[in-house]
Amino acid sequence: MSDEVRLVLTSDTHVPKRARSLPAELLDAVERADAVVHAGDWVDTATLDLLESRARQLIAVHGNNDGSELRARLPEVARAVLGGLRLGVVHDSGPAQGRERRCEQRFPGLDVLVFGHSHIPWDSTAPGGLRLLNPGSPTDRRRQPYRTYMTALVTGGRLTGVELHRLGAMTG
């Protein structure tokens, strides 16, 4: 196994409420990734089935818009070690004010916490070193200029190459 792990980070897909399907660019990235992280608000089980079938590894949680079937299949909090990196996933990290310290206290022992809910991309580091990432939404930009997702690399147990990808206009 290579010492480099390619990640795709996504959240708040809201299919079919906000889009009929996931963007092709995101699905192409999923095919190339070693692991896919989804921080909740799937809305339908078909999207979960799709990502489970396409991702080499899927680390995912349910969100506040996910019904009982998704909640039965997905946890509220997920944790994984990828290439030595201690990763956590939760849907809602709470308000932006005080997020870094609050998450550091709530999720000790993690290197990275991926979250969603706001549809607002976020990349910050807490005082103790916890990296917080929100990939935004690939289907519902809300008040943001673009629909988004993130990619990143894990190299030698460290997160590197974090990139926010802007998606074009929805088609279909």
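Reading the values: the criteria
Numbering of residues starts from 1 in every chain and runs along the sequence as written. The model is predicted, so local features are restricted to residues of pLDDT at least 70 and side-chain atom pairs to those at 80 or more, both for listing and for counting; the totals for chains, interfaces and linings are taken over all residues. Where side-chain values are given, they derive from all heavy atoms of the structure, hydrogens and water being excluded. Two strands are said to pair when DSSP picks up at least two bridges between them. In this description a helix means any DSSP run of H or I spanning at least four residues, a strand means any run of E spanning at least two, and both kinds are numbered starting from the N terminus. Here an angle of 0 to 180 degrees is reported between the N-to-C directions of two axes, which are lines fitted to C-alpha atoms, with helices fitted over the stretch in contact. Whether two residues are in contact is decided by their heavy atoms, any of which lying within 4.5 Å being enough. In this scheme, a residue with accessible area under 20% of its type's maximum is buried, one over 50% is exposed, and one in between is partly exposed, where area comes from a 1.4 Å probe on protein chains only. Residue polarity follows a fixed list, in which Ala, Val, Leu, Ile, Met, Phe, Trp, Tyr, Cys and Pro are nonpolar, Asp, Glu, Lys and Arg are charged, and the others, Gly among them, are polar. Directions are taken from the helix axis to each C-beta atom, and the arc is the one they span. By nonpolar core is meant a set of buried Ala, Val, Leu, Ile, Met, Phe, Trp, Tyr and Cys residues that side-chain atoms within 4.5 Å join together.

Draft legend 1. Inspection of the sheet that holds strand β9 (residues 147-155) at higher detail. One open sheet accounts for 5 strands, arranged β3-β2-β1-β9-β10; its pairing is mixed. Sheet topology places β3 (58-60) and β10 (158-167) at the edges, where each strand pairs with a single neighbour. Along the sheet, successive strands turn relative to each other by an average axial angle of 20°, direction set aside. Here strand β2 (residues 35-38) runs beside β3; their pairing, made up of 3 bridges, is parallel. Paired with Val 36 across the bridge in β3 is Leu 58. Packed onto the sheet, helix α1 (residues 24-32) meets β1 (4-10), β2, β9 and β10 and runs at close to 155° relative to β1.

Draft legend 2. Structural detail: the side chain of Thr 10. Inspection of the secondary structure puts Thr 10 in strand β1. The class of Thr 10 is buried, set by a relative accessible area of 1%. Not counting residues within four places of it along the chain, the set of residues in contact with Thr 10 comprises Leu 26, Val 37, His 38, Ala 39, Pro 135, Pro 138 and Tyr 149.

Draft legend 3. Molecular detail of the packing of α1 against helix α2 (residues 45-54). Relative to each other, α1 and α2 sit at 40°, their axes nearing to 9 Å. Contacts between α1 and α2 pair Leu 27, Val 30 and Glu 31 from the former with Leu 50, Leu 51 and Arg 54 from the latter. Of the residues in the contact of α1 with α2, the class split is 4 nonpolar, no polar and 2 charged.

Draft legend 4. Main features of α2. Along α2, the residues that are buried comprise Thr 47, Leu 48 and Leu 51. Buried residues of α2, viewed axially, fall in a sector of 100°; they line one side. Contact partners of the buried residues in α2: α1, β2, β3 and α3 (68-73).

Draft legend 5. The nonpolar core, seen in detail. Of all hydrophobic cores here, the largest spans 21 residues; its most connected members are Leu 7, Ile 59, Leu 87, Val 89 and Leu 159. Breaking this core down by element, the ones donating at least two residues are β1, β2, β4 (77-82), β5 (85-90), β6 (112-114) and β9. Excluding residues that lie within four positions of it along the chain, Leu 7 makes contacts with Ala 33, Ala 35, Leu 82, Met 150, Thr 151, Ala 152, Val 154 and Leu 159. Formed by 18 residues, the second largest nonpolar core is a distinct cluster that contains Val 8, Leu 27, Ala 55 and Ala 60.

Geometric values such as these leave the question of function open.
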